[in-house]
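Each chain, written out:
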Amino acid sequence: MNTKLAKGHVAILMANVIFGLGVPVTKALLDDWVTPMGYMASRCVGATILFWVVACFLPKEHVERRDLITIMLGGLLGFVISQTLTAEALKYTTPVYFSLVAALTPVSVMLLAAFFLKEKITGIKTLGVILGISGALLMLYMSWTGGTGSNDLLGISLAVLSVLTWAVYLIITRKVSEKYSSVTQMKYVFLVSTIVTVPIALLTEPHQTLYSSAWQWSGVAEMAFIVLFATGLGYFLIPYAMKFLRATTVSIYTNIQPVVASLVAIAVHQDVFTWDKPVAAILVLLGAYIVTR
């Protein structure tokens, strides 16, 4: 493996470990401190400040108008829409179920690439799709018959939509990720995200416990982790990794998220261990592995 590939693999590995940790942290924030739109607006404002400050100390890059539109569209899909759906999903389902759905990202990327880019789906990849979808159907069935979330069926459905929009983001931003630095891309992604989310949050959900007299340092620490690591560092590492790796290779690392998220969620009693979760995990992860071979 050459140096560039190694850098890409290390970057995307770090990003997905951070994202895996971010799932139970996000669940804790939504349960106690912020609403979904308040959560999104906080992430956007924090990340915008972070990336624009960092950009001041780096060489300035000229972004072509067409590429700027792609970057901003990608930001709306891959961050605003996808992460809003993530926040809404975690209101209703558990971190384990959500992270298992997130592991379907490689399957989603392959299906969308086949539909939009006319990439061929082989027989073995079809088997991978069937296994992945079987895992998802098992989760849906178990949530319908009595999951541990407040409304697991709704939460899992929202999580599926989140994964689909994230897969579209990976596909449409692949080329621009090769042309511009991560900081250049992310400063525009979060700028447009802030412009969209802050007015919505102020109009629809003005009260946030974290920003009231009832705030506590635990909530501040959780939000700091989400802004600095799960948003700032994580979204810096993804476009950096995509300079060296294919979208399908990047997507396979999503499989790390359910492992990290599940272990942490069960350890902090946000979820309980049941027989269907490891079975669904095997089906989903095996399907993702087959698809990306």
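Residues numbered from 1 in each chain as written. Predicted model: local features only at pLDDT ≥ 70, side-chain atom pairs only at ≥ 80, totals over all residues. Heavy atoms only, no water.

Give a description of the packing of aromatic side chains that names residues and reports values.
Tallied over the entire structure, the rule returns eight aromatic pairs. Ring plane angle 80° and centroid distance 5.7 Å describe the contact between W52 and Y188, whose orientation is recorded as edge-to-face. Residue W52 is found in helix α2 (residues 36-55), and its partner Y188 is found in helix α9 (residues 182-204); the two are separated by 136 residues along the sequence. According to the relative accessible area criterion, W52 is partly exposed, its value standing at 30%. (Phe/Tyr/Trp six-rings, centres within 6.5 Å; stacked < 30°, edge-to-face > 60°. Helix = DSSP H or I, 4+ residues; strand = E, 2+ residues; numbered from the N terminus. Buried < 20%, exposed > 50% of the residue type's maximum accessible area, 1.4 Å probe, protein only.)

Account for the environment of V45, with residues named and values stated.
With respect to the helices and strands, the residue V45 is situated in helix α2. Of the residues examined, V45 reaches a relative accessible area of 34% and is grouped as partly exposed. Placed 148 residues apart in sequence, V45 and S193 show a C-alpha to C-alpha distance of 8.5 Å. The residues touching V45, leaving out its near neighbours within four places in the chain, are T194 and V198. (Contact = heavy atoms within 4.5 Å.)

Tell me about the pattern of salt bridges, residues and numbers included.
Under the defined criterion, the tally for this structure stands at four salt bridges. Notably, a salt bridge pairs K179 with E64, separated by 3.9 Å at the nearest N-O pair. Of this pair, K179 sits in helix α8 (residues 174-179) while E64 sits in the loop between α2 and α3 (65-92); the two residues are 115 residues apart in sequence, bridging distant segments of the chain. Overall, the relative accessible area of 41% leaves E64 in the partly exposed class. Between E88 and K91 there is a salt bridge; the shortest N-O distance is 3.9 Å. Placement of both E88 and K91 in helix α3 is noted, with a separation of three residues, approximately one turn of the helix. (Salt bridge = Lys/Arg side-chain N within 4 Å of Asp/Glu carboxyl O.)

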